[in-house]
Amino acid sequence: MAILRGLLVFFVLFGSITSGNTQKVTEEPGPPTAVEVVDVGQRNISVNVTDTDTPNGDIIGYHFRIMYKLYPDEMEYMVKTDFLNKMNSNIYVLERHIYPGAQYKIEVFTGNDAFNSSSNVTLQDITTMPDTPGQVDEHTPSYINQSTTSTVILWHRPSHPNGNMKAYKAVLESGPDITNCRNYYLCFDVCNDTLLGPPNDTCTISNDTTLMENQKRMSLLVDNLRLGTTYTLSVVGYNEAGEGKIPRLISLTTKSIKPDPVNLGTFDFDTSRRVVTWNSPPFPGEDLKYRVSLEDALKGGVVSRSTTSDSSFSLPSRLRNYYNYTTVVVAHTSAGAANPSRYHFTTPYAGKLGAPQGTKIIEYACERIKITWFEPDVRIRNGPITGYKFKNKVGNEVWTFTISRPEFWATQSKQFNHYLDIKQLTSYSIEIYAFSSLSNQGGNIFTIRTFRSSECPKGDTPEIVAIIFAFLVLLGICLAVIFVYRKKVR
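For clarity, every value in this text was computed on a predicted model and none was experimentally measured. (Residues numbered from 1 in each chain as written. Predicted model: local features only at pLDDT ≥ 70, side-chain atom pairs only at ≥ 80, totals over all residues. Heavy atoms only, no water.)

> Please provide a residue-by-residue account of the overall build of the protein, values included.
Of the regular secondary structure elements, the protein holds 3 helices and 31 strands. By the burial criterion, 39% of the 490 residues in the protein qualify as buried. Across the protein, contacts joining residues at least 24 apart in sequence account for 65% of those joining residues at least 6 apart. Accessible surface computed for the protein: about 27500 Å², of which carbon and sulfur atoms make up 52%. (Helix = DSSP H or I, 4+ residues; strand = E, 2+ residues; numbered from the N terminus. Buried < 20%, exposed > 50% of the residue type's maximum accessible area, 1.4 Å probe, protein only. Contact = heavy atoms within 4.5 Å. Areas by Shrake-Rupley, 256 points an atom, 1.4 Å probe, with all protein chains shown as cover.)

Laid out in structure tokens, this is it:
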């Protein structure tokens, strides 16, 4: 603006010099002779300005000092300035800083090609035409006094009321257990039919609250709600021009309660989908979640952890077959956590049974061998082992060892012994594998040893028997002689 004025002064002086007039402007102009308001709209004010009798130069325009209040209870005016160039018409239209339904005072100053007038003409008590109010202002926090069934929502009056605020309407349009929308009205006076709407309005009028004049912060109790649930209300203001066009959305959440533990009787293990499911406890709130951990029930330790809002848990893909696990489920909300629920289950048998370990022959004879071995580690048994089979790979012999009292999930591998009757001078390649009479599974084969049996000693047995018999006869004769001798001595 200063640059514009400088250029105007330069051109005026330049024109004066070229015309032979070298007189310079050295005095400020006088104020306008008269100023009157000729039209007031929502966002414009038109004034008729009569030029001053003492311009002391060329009048280049008018400066306007615009003071306004958007609310009548504001202590100070907001102050803005504007400048409009001199026009052939005396009508000047102010549009900058002009808002609907606001109170204005306007001071008008004359501007010549060098100075502004130090005095002015003041227009008082101008009120623009109202328009529907702007969006209500957000309050932080948006709600207080939270309970399981009700909450108080908060908001500020609009920054731009665009008139005199008459009322507010909050609408709870939908949500759990809400069959019809609810209207809440807050009025500075009695809520009239214009605010309440036509008779065919389908919303239920839940309450009718009276506000204080010029109230800055509004509060509304919203009740009869479900616990632990989030709702959204739309809030608009009303003034003499009608209902606001831009609603403010305000969310509220009622309090949750601490959930009950998950009922153990509702757990289920779907072996085909490999999913553990359970029934949710009685509704404690929408923020219900589950902390789930999968534990190794035999060796101990946590296999996996997760948090879910679903009442199901998909098992990791790489779990051991025919193995015991524990699913620990802890239901929790923002109000606290329930006691853990522990569900034990066994994965299905699959694949081949585990191979025995530590297998060896510890006694060897020409017609019999003794074999000892340990059962597979519990983590790789893959099924219910009920016994073991021995097979001669180079012959047709098959031996069976049945476990009398199998312990399918013993964490300490048991040791077993078994004797096999074999033939003399025969080649053997002994294999051992587990079998199950319950799951019809085959076992992983383990080769113990390849050998050829020896020939048993023969031909000396009758001679040895005769020698022993003769020795016994001789011993009997000696004992009889000793007995007779002792008797004669007595």
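> If you had to explain the environment of Leu315 to someone new, which residues and values would you point to?
Examined against the element boundaries, Leu315 turns out to sit in the loop between strand 21 (312–314) and strand 22 (324–333). Through-space distance from the C-alpha of Leu315 to that of Val276 is 7.4 Å; in sequence the pair is 39 residues apart.

> Explain the packing of aromatic side chains to me, and be specific about the residues and the numbers.
Throughout the structure, instances matching the rule amount to 24 aromatic pairs. Ring geometry for Phe267 against Trp278: centres 5.8 Å apart, planes inclined by 40°, an arrangement best described as tilted. With a gap of 11 residues between them, Phe267 in the loop between strand 16 (248–253) and strand 17 (268–270) and Trp278 in the loop between strand 18 (275–277) and strand 19 (289–296) connect regions that are remote in the sequence. A residue is classified by how much of its surface remains accessible, and Trp278, at 3% relative accessible area, is buried. Members of the aromatic cluster, connected to one another through ring pairs, are Phe267, Phe269, Trp278, Tyr290, Tyr323, Tyr325, Tyr343 and Phe345. The ring of Tyr77 is capped by Lys69, whose NZ or CZ atom sits 4.8 Å from the centre of that ring. The ring of Tyr71 has Arg157 sitting right over it, with the charged end atom 3.6 Å from the ring centre. (Phe/Tyr/Trp six-rings, centres within 6.5 Å; stacked < 30°, edge-to-face > 60°. Lys NZ or Arg CZ within 6 Å of the ring centre and 35° of its normal.)

> Give me the sheet that holds strand 6 (residues 103–112): which residues, what numbers.
Strand pairing in a sheet relies on backbone hydrogen bonds. The paired strands run either parallel or antiparallel. With antiparallel pairing, the 4 strands of this open sheet are ordered in space as 4-3-6-7. Since the sheet does not close on itself, it has two edges, and those belong to strand 4 (78–85) and strand 7 (121–127), each with one partner. Strand after strand, the sheet turns through a mean of 25° between neighbouring axes, direction not considered. Bridging between strand 3 (residues 59–69) and strand 6 involves 10 bridges; their strand directions are antiparallel. (Pairing = 2+ DSSP bridges. Axes fitted to C-alpha atoms, helices over the stretch in contact; angles between N-to-C directions.)

> How would you summarise the pattern of salt bridges if you had to cite specific residues and measurements?
One pass over the full model with this rule turns up 13 salt bridges. Here Arg157 ties to Asp73 by a salt bridge, and the two come within 3.3 Å at their closest N and O atoms. Linking Arg157 in the loop between strand 9 (151–156) and strand 10 (167–172) with Asp73 in the loop between strand 3 and strand 4, this pair joins segments that are 84 residues apart in sequence. Classification of Arg157 as buried rests on a relative accessible area of 11%. Its salt-bridge partner being Glu375, residue Arg381 comes within 3.5 Å of it at the nearest N-O pair. Comparing Arg381 with Glu375, the two get one shared label, buried. (Salt bridge = Lys/Arg side-chain N within 4 Å of Asp/Glu carboxyl O.)

> A description of the confidence of the model for the protein should follow, citing residues and the corresponding values.
Averaged over all residues, the pLDDT of the protein equals 89, while 90% of them reach at least 70. Note on residues 1–23: pLDDT is under 50 here. Beyond four places in sequence and across chains, it has 16 contacts. (pLDDT = per-residue confidence, 0-100.)

> I'd love a proper account of the sheet that holds strand 2 (residues 45–50), names of residues and values included.
With antiparallel pairing, 3 strands are arranged side by side in an open sheet as 1-2-5. Each edge of the open sheet is held by one strand with a lone partner, namely strand 1 (34–40) and strand 5 (91–94). For this sheet, the mean inter-axis angle between neighbouring strands, taken without regard to orientation, is 30°. In the sheet, strand 2 pairs with strand 5 via 4 bridges, with the strands oriented antiparallel. Across the sheet, the residue bridging to Asn48 is Ile91, located in strand 5.

> Kindly report on the environment of Thr204, identifying the contributing residues and their values.
Tracing the sequence through the fold places Thr204 in strand 12 (residues 204–210). Judged by relative accessible area, Thr204 falls into the partly exposed class, the value being 38%. Put simply, Thr204 and Asn180 are 24 residues apart on the chain and 6.7 Å apart in space, counted from C-alpha to C-alpha. Those residues within four positions of Thr204 in sequence are excluded, and the remaining contacts are Asn180, Cys181, Arg182 and Asn183.

> Kindly report on a nonpolar patch on the surface, identifying the contributing residues and their values.
A contiguous nonpolar surface patch, about 610 Å² in accessible area, is contributed by Ile468, Phe471, Leu472, Leu475, Leu479 and Ile482. Mapping Ile482 onto the fold places it in helix 3 (residues 461–489). (Patch = residues over 30% accessible without salt bridge, like charges linked within 9 Å, V, L, I, M, F, W, Y side chains within 5 Å.)

> I'd like a rundown of the nonpolar core, residues and numbers included.
Formed by 42 residues in total, the largest nonpolar core has its most connected members in Phe64, Trp155 and Val222. Broken down by element, the residue count for this core peaks at 5 residues, all from strand 3. With residues near it in sequence (within four places) discarded, Val222 still touches Thr149, Ser150, Thr151, Ile153, Leu172, Tyr184, Leu233 and Leu252. (Core = buried A, V, L, I, M, F, W, Y, C linked by side-chain atoms within 4.5 Å.)

> Could you give an account of the environment of Val49, with specific residues and numbers?
Within the secondary structure layout, Val49 lies in strand 2. For Val49, a relative accessible area of 0% puts it in the buried group. Expressed as a C-alpha distance, the spacing of Val49 and Ala34, which sit 15 residues apart in the sequence, is 6.0 Å. If we skip the residues at most four places from it in the chain, Val49 touches Pro32, Ala34, Val35, Tyr62, Asn90 and Tyr92.

> So what's going on with the side chain of Thr308? Residues and values would help.
Within the secondary structure, Thr308 sits in strand 20 (residues 302–308). Only 3.0 Å separates the side chain of Thr308 from the backbone nitrogen of Asp310, close enough to count as a polar contact. In contact with Thr308, other than residues within four places in its own chain, are Lys289, Tyr290 and Val292. (Polar contact = N/O pair within 3.5 Å; in protein donor to acceptor, adjacent residues only side chain to side chain.)

> A description of the side chain of Arg157 should follow, citing residues and the corresponding values.
Separated by 3.3 Å, the side chains of Arg157 and Asp73 make a polar contact. For Arg157, the residues in contact, after removing those within four places along its chain, are Tyr71, Asp73, Asp137, Tyr168, Asn214, Gln215, Lys216 and Met218.

> Give a detailed account of unusual backbone geometry, specifying residues and quantitative values.
For the bond from Thr140 to Pro141, the omega torsion is 0°, close enough to zero to count as cis. Tracing the backbone through its elements, the reader meets Pro141 in strand 8 (residues 137–144). Backbone geometry places Asn440, a non-glycine residue, at a positive phi of 55°. As for its position among the elements, Asn440 is in the loop between strand 30 (427–435) and strand 31 (446–452). Among the residues examined, Asn440 registers a relative accessible area of 74% and is labelled exposed.

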